[in-house]
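Structure at a glance
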Amino acid sequence: LVDAIATQVGVALIQAEAYANLEDLNEQLEALDRTRSNLVAITGHELRTPLSTIQICLESLATEPDMSAELRQVMLNTALGDAERMRNLVQDFLTLSRLESGRVEWNLEPLSIAECIDLALSNVRARISGEKIPEIQNFVTPESPLVRADGEWLVEVLAKLLDNACKFTGTEGQITIIVKTNDSNNLEVTVADTGKGIEPNRLETVFDRFYQEEGALRRSAGGTGLGLAICRQIVTGWGGTIWAESAGKDQGSEFHFTIPVFEVPPAISKKSNSPN
Ligand code: ADP
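Described below are features of the structure shown in this document.

Conventions and cut-offs
Residues numbered from 1 in each chain as written. Predicted model: local features only at pLDDT ≥ 70, side-chain atom pairs only at ≥ 80, totals over all residues. Heavy atoms only, no water. Axes fitted to C-alpha atoms, helices over the stretch in contact; angles between N-to-C directions. Helix = DSSP H or I, 4+ residues; strand = E, 2+ residues; numbered from the N terminus. Parallel < 35°, antiparallel > 145°, perpendicular 65-115°, else oblique. Left-handed = near helix turned anticlockwise from the far one by under 90°. Contact = heavy atoms within 4.5 Å. Nonpolar A, V, L, I, M, F, W, Y, C, P; charged D, E, K, R; others polar. Pairing = 2+ DSSP bridges. Phe/Tyr/Trp six-rings, centres within 6.5 Å; stacked < 30°, edge-to-face > 60°. Buried < 20%, exposed > 50% of the residue type's maximum accessible area, 1.4 Å probe, protein only.

When two helices pack together, you describe them by how their axes are tilted relative to each other and by the distance separating the axes. Helix 5 (residues 227-237) packs onto helix 2 (residues 69-100) with a crossing angle of 25 degrees between their chain directions and a minimal axis gap of 10 Å. Comparing the axis directions of helix 2 and helix 5 gives the class roughly parallel. Considering how the two elements wind past one another, helix 2 and helix 5 form a crossing that is left-handed. From helix 2, Asp92, Thr95, Leu96, Leu99 and Glu100 reach across to helix 5, where they touch Ala229, Ile230, Gln233 and Ile234. Tallied by class, the residues present in the contact of helix 2 with helix 5 amount to five nonpolar, two polar and two charged.

On to the environment of Gln137, then. Structurally, Gln137 is set in strand 2 (residues 135-138). Apart from the residues lying within four places of it in its own chain, the contact partners of Gln137 are Gln174, Ile175, Thr176 and Ile177.

The next subject is the sheet that holds strand 4 (residues 174-183). Backbone hydrogen bonds are what pair the strands of a sheet, in a parallel or an antiparallel way. Taken together, five strands build an open sheet; the order of strands is 2-4-5-7-6 and the sheet is mixed. Looking at the sheet topology across the chains shown, the edges are occupied by strand 2 and strand 6 (242-245). Averaged over all pairs of adjacent strands, the angle between strand axes in this sheet comes to 20 degrees, irrespective of strand direction. Sheet topology places strand 5 (residues 186-193) next to strand 7 (residues 253-260); eight bridges connect them, and they run antiparallel. Paired with Val189 across the strands is Phe257, a residue of strand 7. Helix-sheet contacts for helix 4 (residues 151-167) involve strand 2, strand 4, strand 5 and strand 7, and the interaxial angle to strand 7 is about 175 degrees.

This paragraph deals with the packing of aromatic side chains. Two aromatic rings are characterised by how far apart their centres lie and by the angle between their planes. Within the structure shown, the criterion is met by three aromatic pairs. Judged by centre distance (6.1 Å) and plane angle (70 degrees), the ring pair of Phe207 and Phe255 falls under edge-to-face. Of the two residues, Phe207 sits in the loop between strand 5 and helix 5 while Phe255 sits in strand 7, which places them 48 residues apart along the sequence. Relative to Phe257, the ring of Trp238 has its centre 6.2 Å away and its plane inclined at 50 degrees; by these criteria the two rings are tilted. Of this pair, Trp238 sits in the loop between helix 5 and strand 6 while Phe257 is found in strand 7, placing the two residues 19 residues apart along the sequence. In this pair, the class of Trp238 matches that of Phe257, namely buried.

This is the structure:
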């Protein structure tokens, strides 16, 4: 009898645990659904705004034949600017969705962080060529330890942080890039600027999707508001962390992220140490 009761109690406990897990799962699914609906709503809004501007510009161009050449040019430039913004938004949105769905295959390999920074710097310079940019001081030398990462995504993170640093720092300001060995397994990369800074209560929020300090309607700096969300997905993808520091408005900002140092496999290190 005792055995039978024990078995029944065991079964009841397993059932209770299964129900609890099911409830957990339900809650998680509901949260996921809420996130997806929010995302669709926000993305719809973000796309509709530039689309409306394009429509207004094209309608004016089509219906007002006597429009001055100057105004015509303004309309065309506005429509082109917003079309570009929509293209970037769709591109960033697809990148973020790919990263969030876990469909990215990481091609992790030993990389020189100095080379990746050089590549990111030339990408940024090519993208904003013609405009004046702040002075950039790069203190990273080829002697820095090798890291273990996917080169394409690492350059993407660096380029996005550098792009932001340029965007939010006046041309008289300065950008600094440094790396330091955080602990034996990680390298910490820092992109610091002397620009407009971030309020302390926004240091976390800046990594949220579509967060922009100026709000959707007053984006003087352009951008999609997805850059830092993408950076966070990439960095956490290789097991690192990313965070922002700033003493506040107009006090400059620092963006830091960690990246695993490439460890030479023991067999290779033994071989290279051997006298033969
Ligand atoms: P985007 O740059 O396209 O607006 P991000 O996700 O890259 O989107 O950045 C989100 C927001 O975080 C920016 O709009 C800005 O308000 C703030 N931010 C990002 N980088 C910096 C920086 N270096 N200095 C000050 N604010 C920044």
